[in-house]
Amino acid sequence: MSAQEMPKAYEPAEVEKKWYSYWESNGLFKGRPNPEKKPYSIVIPPPNVTGILTMGHVLNNTLQDILMRWHRMEGYECCWFPGTDHAGIATEARVNKELMKTEHISRDDLGREAFIERVWEWKKKYGGTIIRQLRRLGASCDWDRERFTMDEGLSRAVRKVFVDLYNKGYIYRGRRMINWCPVSKTALSDEEVIYKDEQGKFYHFRYPLTDGSGHLVVATTRPETMFGDTAVAVNPNDTRYSHLIGRTVHLPLTDRDIPIIGDEHADPEKGTGCVKITPAHDPIDFQVGLRHNLEFISVLDKTAHLNAKAGPEFEGLDRFEARKLILKKMEEQGLLEKVEDLTHAVGYSERGGVPIEPMLSEQWFVKMEELAKPAIAAVRKGRIKFYPDRWTKTYFHWMEGIKDWCISRQIWWGHRIPAWYRGDETYVGVEPPQGEGWVQEEDVLDTWFSSWLWPFSIMGWPDKTPEQDYFYPTSDLVTGPDIIFFWVARMIMAGCEFKGEIPFSNVYFTSIIRDELGRKLSKSLGNSPDPLDVIDRYGADALRFSIIYIAPVGMDIKYSNEKCEIGRNFANKLWNACRFRRMQGEISPNFREVDDLVRNGRLTSDEAWMLAKLDACAIDMKKSLDEFKFHQAVHDIYELVWSSFCDWFIEASKVRFAAGGEAREQALRVLDYALWKLLRLLHPFMPFITEELAHQMGFLAESESIMYAEFPLPMSVREAAIPDAESVIAKTEAKFELISAGRTLRISYNIAPGKKIDFHIKAANDAMEEFLKKGMDSLKWLLNANSVTISQEDYHCDDASGAPSTLVAAGAIFLPLKGLIDVEAEKAKLKKQQTELLGWIRSSEAKLSNERFLAKAPPKVVEEAKAYLVDLKEKLARVESALAQMK
RNA sequence: GGGCGUAUAGCUCAGUUGGUUAGAGCGCCACGUUGACAUCGUGGAGGUCAUAAGUUCGAGUCUUAUUACGCCCACCA
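Keep in mind it's a predicted model, so treat the numbers as computed, not measured.

Caption draft 1: Broad picture of the pattern of salt bridges. Taken as a whole and assessed by the stated rule, the structure comprises 60 salt bridges. The partner of R107 in a salt bridge is E92, with the nearest N and O atoms 2.5 Å apart. Separated by 15 residues along the polypeptide, R107 in helix 4 (residues 107–110) and E92 in helix 3 (residues 88–103) bring together distant segments of the chain. Each member of the pair R107 and E92 is classed as buried. As a salt-bridge pair, K623 and E627 come within 3.9 Å of each other at their nearest N and O atoms.

What follows is the structure in structure tokens.
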């Protein structure tokens with residue numbers, strides 16, 4: 001393609017479509033066990049099968065894709081395992097809602113078999129959405145390995161794990177206090193309960209003593225559970241009440257008397273010091289109930305309505321309606337002492353969005369304590385590292401106080417628990433039992449009970465497979481900190497228990513994406529941008545680049561679509577740099593190396609500078625990526641491309657392009673060499689445009705892909721490195737500073753930008769004079785100068801007025817403007833500089849005359865301070881001599 | 001109640017093990033379309049680094065306390 005065909009602005013849509021299908025259809029994403037190479041693998045955090053792509057997924061999957069593409073270029077055999085999660089409660093609710101809406105039938109109308117059939121149909125129809133959307137982002141997953149947590153293989157893994165843990169005594173069934181969601185009508189694990197601080201009421205009720213000798217005042221936030229009260233507790237050391245222990249009170253609105261018991265749980269400091277005990281509806285009261293052998297009376301049904309135990313007046317009432325009626329009745333009977341305002345934490349169901357109900361119920365549990373031990377050790381010993389590291393603390397805190405995991409759910413969509421009952425018999429096995437009369441457990445397993453096996457179930461476990469031998473343990477995991485308990489911790493436990501090996505070495509916790517105002521992105525707020533719209537508008541590369549660019553380290557991201565302009569503009573800048581190069585003709589045949597130019601000392605200082613900067617950037621980026629500092633790497637390459645490469649290097653090269661001949665050939669070749677390196681450095685972040693440009697420029701043959709090009713190594717590895725790179729960088733950048741000073745002078749004297757003028761430079765020393773003279777062509781070009789004279793003398797003008805000048809490290813630059821000089825302005829400028837210099841000299845001298853500084857600071861620092869003072873004094877002398885000339 | 005995080009330019013954020021004059025992007029102002037790019041270029045304005053004390057020759061950086069905001073955990077009935 002010729003330069004004429006390259007549009008002025010980069011148009012991502014067609015390019016992205018073209019390359020993605022090229023990569024996929026040519027099998028470039030595939031990872032296969034390959035003993036010749038080192039393995040690198042990631043398992044995707046499986047999105048909910050019902051889900052659609054959100055900005056959270058974009059961030060998460062972009063990071064994973066960067067890691068994958070980078071490692072591929074580093075020569076690893078890479079495999080990114082994709083798939084989706086069946087998301088039990090969420091999916092069941094979703095399909096149920098859909099059925100209600102379209103067919104006006106509910107789950108229960110259909111029955112278990114038919115309903116599950118419908119969910120599968122639904123999954124088949126809509127389930128692939130997010131997977132298709134990930135392709136738009138450029139995700140280089142090995143799609144042939146896509147799995148679903150309810151695939152037959154993964155289901156078998158789930159059953160095997162259940163059976164093994166059961167046989168080991170780690171899984172048990174029992175009647176315990178669990179969190180009940182009245183909307184989903186299922187038990188939940190502790191992690192699925194979200195506590196919100198709420199403004200509530202603290203009701204003080206009088207419970208009359210049965211013998212009529214008075215009453216006790218109990219305080220509660222949950223009056224509706226009073227029908228389940230089976231005691232009132234006081235602290236045995238509380239002299240106000242201790243004499244009452246053993247007597248009884250009458251439970252209002254019922255015909256029951258309940259005992260007064262002594263228990264440490266009653267805190268004399270809190271409330272009235274008397275606590276009503278409702279063992280069937282409160283986790284603490286449950287414990288108290290066990291200690292005192294109390295009766296457990298459940299008064300709520302599965303939908304949190306009062307049952308017959310509450311008496312005919314209350315039966316069938318919703319819990320909150322019942323509360324109102326109870327208050328009314330108690331008040332009527334003069335038993336309501338007072339009502340206080342109170343802020344307290346109320347547990348909500350994560351999915352149902354209503355307060356959960358602590359209930360006594362028969363459920364399946366996993367004992368976690370033993371499973372946690374090796375998982376704690378793995379992180380403590382550093383075999384698994386968290387980034388940022390502070391999450392280890394959160395992890396330890398949870399793991400060390402881990403509680404049994406309630407794994408049964410009273411829903412239909414999920415892995416049905418492999419337990420069968422016949423009379424008093426229980427059978428647990430991977431396959432159904434032989435014989436007549438067995439009935440399978442109705443409950444299914446918590447979704448996370450399949451997710452925690454993901455890193456190896458996705459590779460075919462429990463069968464032995466080459467994938468597991470090669471790719472397990474996986475390398476890195478990228479996920480959100482919100483699922484550290486749900487998923488990360490449990491995967492570590494499962495890996496240690498079932499594979500005998502940790503599932504991954506590094507866990508990178510992503511930031512959480514918020515809107516500009518810092519609010520969580522949510523559908524209901526309408527502040528959740530559709531990533532596909534963003535991709536249509538800005539391009540996938542732009543979105544990927546921008547979101548990493550703006551992601552603060554270890555903090556939440558404040559996102560807005562406008563911020564994608566950063567990436568779009570950057571892609572366009574890169575595009576145009578290439579377009580410009582194409583306008584100069586075909587790329588150099590020997591663009592792959594510049595070894596001879598380096599060895600023979602033929603590089604111009606600008607070229608040496610560019611290559612040295614590029615080298616430093618490649619080294620830094622690799623280091624940043626190694627440490628999961630994506631943000632740092634992206635900022636480094638942005639700066640390199642825009643400022644170093646485009647603003648300075650290309651601009652400086654233009655004059656050599658125009659010169660023709662050997663100078664032109666060399667300039668083009670060095671530019672090509674640099675550009676090819678830049679494209680490769682950028683590929684992990686912007687896969688589409690880099691692939692497109694690599695081909696348009698001709699850096700790759702048609703059959704090649706940048707995906708498998710080598711990530712740039714430091715020059716010293718295979719080529720000659722730039723000699724004295726540090727000094728080249730310092731001198732060149734001092735020159736650039738001088739040029740900027742010259743441009744500022746032009747502008748402050750209102751010289752038209754297009755006008756070519758004369759400059760004089762007074763070099764700071766011999767070395768700088770020589771350096772500047774060598775680069776005269778580009779110097780003139782960059783200053784848009786007609787001529788530049790360089791010496792170590794001030795500018796001598798015809799009249800006595802002198803010329804405007806600016807002093808920088810490399811020397812002074814003069815703008816010879818006969819008769820036009822604004823003497824007062826020049827004087828003011830110089831005086832300001834003089835004052836500043838004097839200030840710095842004063843503090844510098846003070847420091848150097850401080851004996852303790854000389855004694856205690858490292859010699860290197862002292863030397864630098866001395867050299868700095870010398871510099872300052874030199875500069876001051878130059879300023880003062882210029883000032884003297886102004887007279 | 002416990003733990004964690006954050007506080008730097010109008011906004012969003014960088015700032016490596018303490019070491020010369022604290023940076024970038026966006027926004028703002030001025031000027032500019034000579035063929036890479038107006039999704040651009042050149043230049044400019046803009047900061048007592050939340051507050052207080054301390055450690056140190058030296059603190060944006062380390063320590064302590066305070067304030068504000070955010071998050072997580074917890075049986076505040």
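Caption draft 2: Representation of the sheet that holds strand 22 (residues 476–479) within the structure. The strand order 15-23-22 describes an open sheet built from three strands, whose pairing is parallel. Of all the strands in the sheet, just strand 15 (385–387) and strand 22 have a single pairing partner and so form its edges. Mean inter-strand twist for the sheet, computed between neighbouring axes without regard to direction, equals 20 degrees. Direction of pairing for strand 22 relative to strand 23 (residues 506–509): parallel, over a ladder of four bridges. Bridged to V478 within strand 23 is Y508.

Caption draft 3: Structural detail: the side chain of H695. Position of H695 among the secondary structure elements: in helix 23 (residues 687–697). Take H695: its relative accessible area is 18%, and that puts it in the buried class. Only 2.9 Å separates the side chain of H695 from the backbone oxygen of E691, close enough to count as a polar contact. Once residues lying within four places of it in the same chain are set aside, the contact partners of H695 are W19, L700, A701, E702, E704 and S705.

Caption draft 4: Structural detail: the protein's contact with RNA strand B. Among the 54 residues in the neighbourhood of RNA strand B, the closest are listed as K270, V275, I284, K856 and Y868. Within the contact set of RNA strand B, a sugar or linking oxygen lies 2.7 Å away from a side-chain nitrogen or oxygen of R579. Taken together, the elements giving at least two residues each to the surface near RNA strand B come down to helix 11 (391–400), helix 18 (564–583), helix 21 (630–659), helix 25 (725–748), helix 29 (851–856) and helix 30 (859–885). Of all the elements, helix 18 adds the most residues to the surface near RNA strand B, at nine residues. Partitioned by chemical class, the residues of the surface near RNA strand B number 24 nonpolar, 11 polar and 19 charged.

Caption draft 5: Structural context of the packing of helix 21 against helix 22 (residues 661–682). Where helix 21 meets helix 22, the closest approach of the two axes is 9 Å, and the angle between their N-to-C directions is 165 degrees. Comparing the axis directions of helix 21 and helix 22 gives the class roughly antiparallel. Like other packed secondary-structure pairs, helix 21 and helix 22 cross with a definite hand, here left-handed. Here the contact of helix 21 with helix 22 is composed, by residue class, of 18 nonpolar, two polar and two charged.

Caption draft 6: Representation of the environment of L869. Structurally, the position occupied by L869 is in helix 30. In this structure L869 comes out as buried when scored by relative accessible area, which is 11%. Along the chain, L869 and G660 lie 209 residues apart, while their C-alpha atoms are 45 Å from each other. Beyond its immediate stretch of four places on either side in the chain, L869 contacts I841, S844, E845 and L848.

Caption draft 7: How the structure looks around the environment of R136. In this fold, R136 is placed in helix 6 (residues 129–137). The class of R136 is partly exposed, set by a relative accessible area of 33%. Note: C-alpha distance between R136 and L521 (385 residues apart in sequence) is 21 Å. The residues contacting R136, other than those within four sequence positions of it, are L532, I535, D536, A540 and F688.

Caption draft 8: Representation of the sheet that holds strand 20 (residues 439–440). Here three strands make up an open sheet; going across it, the order is 19-18-20 and the pairing antiparallel. The outermost strands of the open sheet, each flanked by one partner alone, are strand 19 (425–428) and strand 20. As defined by bridge partners, strand 18 (residues 419–422) adjoins strand 19 across four bridges and the pair is classed as antiparallel. Counted as the bridge partner of R422 is E425 from strand 19.

Caption draft 9: Highlighting the nonpolar core. Grouped together as the largest cluster of nonpolar side chains are 209 residues, with contacts concentrated most on F449, W452 and F645. Of the residues forming this core, the biggest block, 14 residues, is contributed by helix 21. With residues up to four places along the chain from it excluded, the contact list for F449 reads V158, V161, F162, L165, I171, V366, W405 and I407.

Caption draft 10: Focus on unusual backbone geometry. The residue after Y387, namely P388, is reached through a cis peptide bond having omega -5 degrees. Put simply, W461 and P462 share a cis peptide bond, and its omega is 10 degrees. The residue P462 is located in the loop between helix 13 (454–457) and helix 14 (466–471) in this model. Notably, N750 is not glycine yet its phi reads approximately 55 degrees, a positive angle. For N750, the location among the structural elements is in the loop between helix 25 and strand 26 (757–763). Judged by relative accessible area, N750 falls into the exposed class, the value being 70%.

Caption draft 11: Broad picture of empty space enclosed by the protein. Enumeration according to the criterion identifies two cavities of 30 Å³ or more in this entry. Approximately 90 Å³ is the volume attributed to the largest cavity. Taken together, 13 residues line the largest cavity, and the ones lying closest to its centre are S805, L807, A812, R878 and A882.

Caption draft 12: Summary view of the packing of helix 3 against helix 5 (residues 112–126). Packing of helix 3 against helix 5 leaves a shortest axis separation of 10 Å and a crossing angle of 95 degrees. The angle between the axes of helix 3 and helix 5 places the two elements in the roughly perpendicular class. Within the contact between the two elements, helix 3 uses T91, E92, R94, V95, N96, E98, L99 and E103 and helix 5 uses F115, R118, V119 and W122. Looking at the contact of helix 3 with helix 5 residue by residue, the class counts come to five nonpolar, two polar and five charged.

Caption draft 13: Structural view of the confidence of the model for chain A. Looking at chain A as a whole, its pLDDT mean stands at 91, while 98% of the residues score no less than 70. Note on the complex model: pTM 0.94, ipTM 0.95.

Caption draft 14: Looking closely at helix 5. With 15 residues, helix 5 extends 21 Å from end C-alpha to end C-alpha; this agrees with the ideal 21 Å at 1.5 Å per step. Among the residues of helix 5, R112, F115, V119 and W122 are the ones counted as buried. Across the axial projection of helix 5, the buried residues extend over an arc of 85 degrees, all falling on one side. In helix 5, those exposed residues whose orientation departs by more than 90 degrees from the buried face are E113, K124 and K125.

About the criteria used
- Residues numbered from 1 in each chain as written.
- Chains lettered and ligands numbered in written order.
- Predicted model: local features only at pLDDT ≥ 70, side-chain atom pairs only at ≥ 80, totals over all residues.
- Heavy atoms only, no water.
- Salt bridge = Lys/Arg side-chain N within 4 Å of Asp/Glu carboxyl O.
- Helix = DSSP H or I, 4+ residues; strand = E, 2+ residues; numbered from the N terminus.
- Buried < 20%, exposed > 50% of the residue type's maximum accessible area, 1.4 Å probe, protein only.
- Pairing = 2+ DSSP bridges.
- Axes fitted to C-alpha atoms, helices over the stretch in contact; angles between N-to-C directions.
- Polar contact = N/O pair within 3.5 Å; in protein donor to acceptor, adjacent residues only side chain to side chain.
- Contact = heavy atoms within 4.5 Å.
- Near = heavy atom within 4 Å.
- Nonpolar A, V, L, I, M, F, W, Y, C, P; charged D, E, K, R; others polar.
- Parallel < 35°, antiparallel > 145°, perpendicular 65-115°, else oblique.
- Left-handed = near helix turned anticlockwise from the far one by under 90°.
- Core = buried A, V, L, I, M, F, W, Y, C linked by side-chain atoms within 4.5 Å.
- 1 Å grid on protein atoms, 1.4 Å probe; cavity = no way out; pocket = protein on both sides within 12 Å on 5 of 7 lines; lining within 4 Å.
- Points joined across faces, edges and corners; volume = space filled by probe spheres on them.
- pLDDT = per-residue confidence, 0-100.
- Expected span 1.5 Å × (residues − 1).
- Arc of directions from axis to C-beta.

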